[in-house]
Each structure stands twice: as structure tokens, then as C-alpha cells.
Amino acid sequence: MSTLAPLRLLREPWNASEGNQSNAVFGASSGWCQGLDIPSELFLALGLVSLVENLLVVAAILKNRNLHSPTYYFICCLAVSDMLVSISNLAEMLFMLLLEHGVLVMRPSIVRHMDSVIDMLICSSVVSSLSFLGVIAVDRYITIFYALRYHSIMTLQRAVVTMASIWLASTVSSTVLITYYRSNTILLCLIGFFLFMLVLMLVLYIHMFALARHHLHSISSQQKPPTAHRGGSLKGAVTLTILLGVFFICWGPFFFHLILIVTCPTNPFCTCFFSYFNLFLILIICNSVIDPLIYAFRSQELRRTLREVVTCSW
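Residues numbered from 1 in each chain as written. Predicted model: local features only at pLDDT ≥ 70, side-chain atom pairs only at ≥ 80, totals over all residues. Heavy atoms only, no water.

Naming follows an unreviewed UniProt entry, where the protein appears as Melanocyte-stimulating hormone receptor of Malurus elegans.

> Explain the overall build of the protein here, please?
What the protein contains, in helices and strands, is 11 helices and 0 strands. The helix and strand sequence of the protein, counted from the amino end, reads α-α-α-α-α-α-α-α-α-α-α. A burial count over the protein gives 48% of its 314 residues as buried. Summed over its atoms, the accessible surface of the protein is roughly 15500 Å², and 69% of this surface lies on carbon and sulfur atoms. (Helix = DSSP H or I, 4+ residues; strand = E, 2+ residues; numbered from the N terminus. Buried < 20%, exposed > 50% of the residue type's maximum accessible area, 1.4 Å probe, protein only. Areas by Shrake-Rupley, 256 points an atom, 1.4 Å probe, with all protein chains shown as cover.)

> I'm lost on the environment of Thr-271 in this one. Help?
The topology assignment puts Thr-271 in helix 9 (residues 268-274). When the C-alpha atoms of Thr-271 and His-257 are compared, they prove to be 9.7 Å apart, with 14 residues separating the residues in sequence.

> Explain the state of the cysteines to me, please; I cannot follow it from the model alone.
Covalently bonding the sulfur atom of one cysteine to the sulfur atom of another cysteine gives a disulfide. Counted under the stated rule, the structure contains 1 disulfide. Across the disulfide, Cys-264 is cross-linked to Cys-270 (sulfur-sulfur distance 1.8 Å). Across the S-S bond of Cys-264 and Cys-270 the torsion is about -80 degrees, and the bridge reads as left-handed. Cys-264 sits in the buried class, given a relative accessible area of 18%. (Disulfide = S-S within 2.5 Å.)

> Is there a simple way to explain the pattern of salt bridges in this structure?
Under the counting rule described, the total for this entry stands at 3 salt bridges. One salt bridge connects Arg-304 with Glu-301, and the closest N-O pair in it is separated by 2.7 Å. With a gap of 3 residues between them, Arg-304 and Glu-301 both fall in helix 11 (residues 300-310), about one helical turn apart. Residue class for Glu-301 comes out partly exposed when judged on its relative accessible area of 25%. Glu-308 serves as the salt-bridge partner of Arg-304, at 2.7 Å between the closest nitrogen and oxygen. Residue Arg-304 and its partner Glu-308 are both found in helix 11; the two are separated by 4 residues, about one turn of the helix. (Salt bridge = Lys/Arg side-chain N within 4 Å of Asp/Glu carboxyl O.)

> Honestly, the UniProt feature "transmembrane region" (unreviewed entry) in the protein in this entry has me stumped. Any pointers?
As recorded in UniProt, the feature "transmembrane region" (unreviewed entry) lies at residues 42-62, 74-97, 117-138, 159-179, 185-212, 233-261 and 273-297. Taken end to end, residues 74-97 is 100% helix and 0% strand, and its first and last C-alpha atoms sit 35 Å apart. The span residues 117-138 is 100% helical and 0% strand by assignment, and the distance between its end C-alpha atoms comes to 32 Å. (UniProt positions renumbered as here; feature names shortened; annotations may be inferred.)

> Explain helix 6 (residues 156-179) here, please?
Given 3.6 residues per helical turn, the α-helix brings residues three or four places apart onto the same face. In a regular helix each residue adds 1.5 Å, so 24 residues correspond to 34 Å; helix 6 covers 35 Å between its end C-alpha atoms and thus fits that length. Buried residues of helix 6: Ala-159, Met-163, Ile-166, Ser-170, Ser-174, Leu-177 and Ile-178, and no others. (Expected span 1.5 Å × (residues − 1).)

> Explain the environment of Leu-190 to me, please; I cannot follow it from the model alone.
Along the polypeptide, Leu-190 turns up in helix 7 (residues 184-222). Residue Leu-190 is classed as buried on the basis of its relative accessible area, which comes to 12%. Setting aside chain neighbours within four positions, we find Leu-190 in contact with Val-127, Leu-177, Phe-255 and Leu-258. (Contact = heavy atoms within 4.5 Å.)

> Honestly, the side chain of Asn-54 in this entry has me stumped. Any pointers?
Checked against the element boundaries, Asn-54 lands in helix 2 (residues 40-63). Of the residues examined, Asn-54 reaches a relative accessible area of 1% and is grouped as buried. Setting aside residues no more than four positions away along its own chain, Asn-54 makes contact with Ala-79, Asp-82, Met-83, Ser-288 and Pro-292.

Shown next, in the form of C-alpha cells:
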């Protein structure tokens, strides 16, 4: 069975004539341009793993009062966003399997409506995930460089406003994207948003890495043990290093796909790249699996609470 992956509206270029697109497909139909057949079971398995991981993170943060802070609230929202990616993927896969096997019989108009609703949910979770990735990076930057003023800068009220704004903006933007998905302007806005988040985290990484190198040089020259602040700087730099690598690997191909849709929809190379769309979606789901490892499991307090949740030590 061929997988009907989420975000199907972005699978094929629409800004090309049917004849040109057919010629491009024909020109790129040899060798590795045949695409990659990914079984539905892999989508389902990764979706379930991501769902369980992020559900555990949310439960642990809600359980432990010591984790009731803006930093962990942002991590909790990221886990919810990743969880929505998994739920949306699982819902669409199961929905299509039931339709293809005749278990579920529905009118085509209802099927299209439900598919659009699922796509909107997926787009909303994608935008919110990217937003919370950036917010967490900014929050950790403030924690390191403005440690003494952190609680006055990142108040609970500001954190709540930030989270509510992101969820509202994600819902509105996903609705606009699904409604006007054929507009290059909409795609350019989505690509620009991705590049903005990438540059933002890259700048924060460079600054934190420079601070970490300065502290290492200070430790080696003065032969002093590292302070808690220095240790936090080093850990933050390592976290952002992992973040940037995973972020670029998991999200880069998908957004490069969008760039090619806008710039060269009929070029044979671009058409060949389009055939690997399911692989790009697998990478996005993998990002939802890896996110808890980066943001949550590196916290000793959260790891301890996760163990209590898993062992039901309430």
C-alpha cells in the first residue's frame, strides 16, 4: 500500500502546467528518482513512540511542582506540539487504512473535509513546534547570560502570554496555509519562518559557544574548578549544538522541498527530489521522537520524575 502521508497538499508542485510536469516526471523517472517506498508500519511505529515519549514528559512536568516554571512549561508545550504531530499522523494513517480496506465507508466530500482538518492540525503542530524550539533557545540564553535577572525578565505572566500567542498564531497560520496552499506567497512566509528560527538558534549557539570557550580558557589558565554558572554555560552550549544538528537534519529536507516547489517545479532534479517526500515526513516525526531526549531527558530532575511516572510512584 502506498502511504498517504500528512501534508499531502505540499507533496506535488501545483505551479506547473500538466504537460511540463509530465515531461519533468518522465525525465526524472530513472534510477534513484523513483522515490522511496516507506511502509505504513514505520509511520505508525514512530508515531506511537513519539506519542508515548512526549506524553511521559507532559505527565512528569505536571506531577512535579519543582518543574512548574516557565522553562519547563515551554518544554511541556513543545512536547504537546510533538504529540499533536504524532496523533495527527496516526489518525490519518488509520483513517486511510480503514477506507482502503472498506471498513469505513464515507462520501468523498466528507473524506476531503476530514483530511483538510487533519492537515490543518498537522500544520498547526509544525508551526508551534518550530516556535517553541525558538522560545526554549531564547529562554536558555536568558538563563545563562542574565541569570540574576531571569525571574524578573521571564515572569510566569509573560510565559503564559507567550504560550497563548504561539498557539493562537499556529492555529491561524495553519488555517491560512490549508486555505491558500497554492499561493507561493504563503509558502515563502513558511520558508522565511523556518529560516528565521534557524538563524535565531544559530546566533544564540555561537554566542553561547563563545562563552563556553571563554570559561574553558579561564578554567585552564587559572586552574579553578568550574562554577555552577560555567557548568550551565557548557551544558547549554552542548544542548544547542545537538539541537542545531538535529533541527537541520530533520527539518531541512522538508523546507528545501518547499523551496523547490516555489523555484523549480518542472526541473527534472526538483521533480526527482519531490519523490522523496515521505522520507522528509519520516524525518519530521523522528524529530518529535528526539526532542524529548534533547530538552527533557538532559534534566536530572525531570529524569527522576519520569522514572516515578513510569514506575507509578505517585
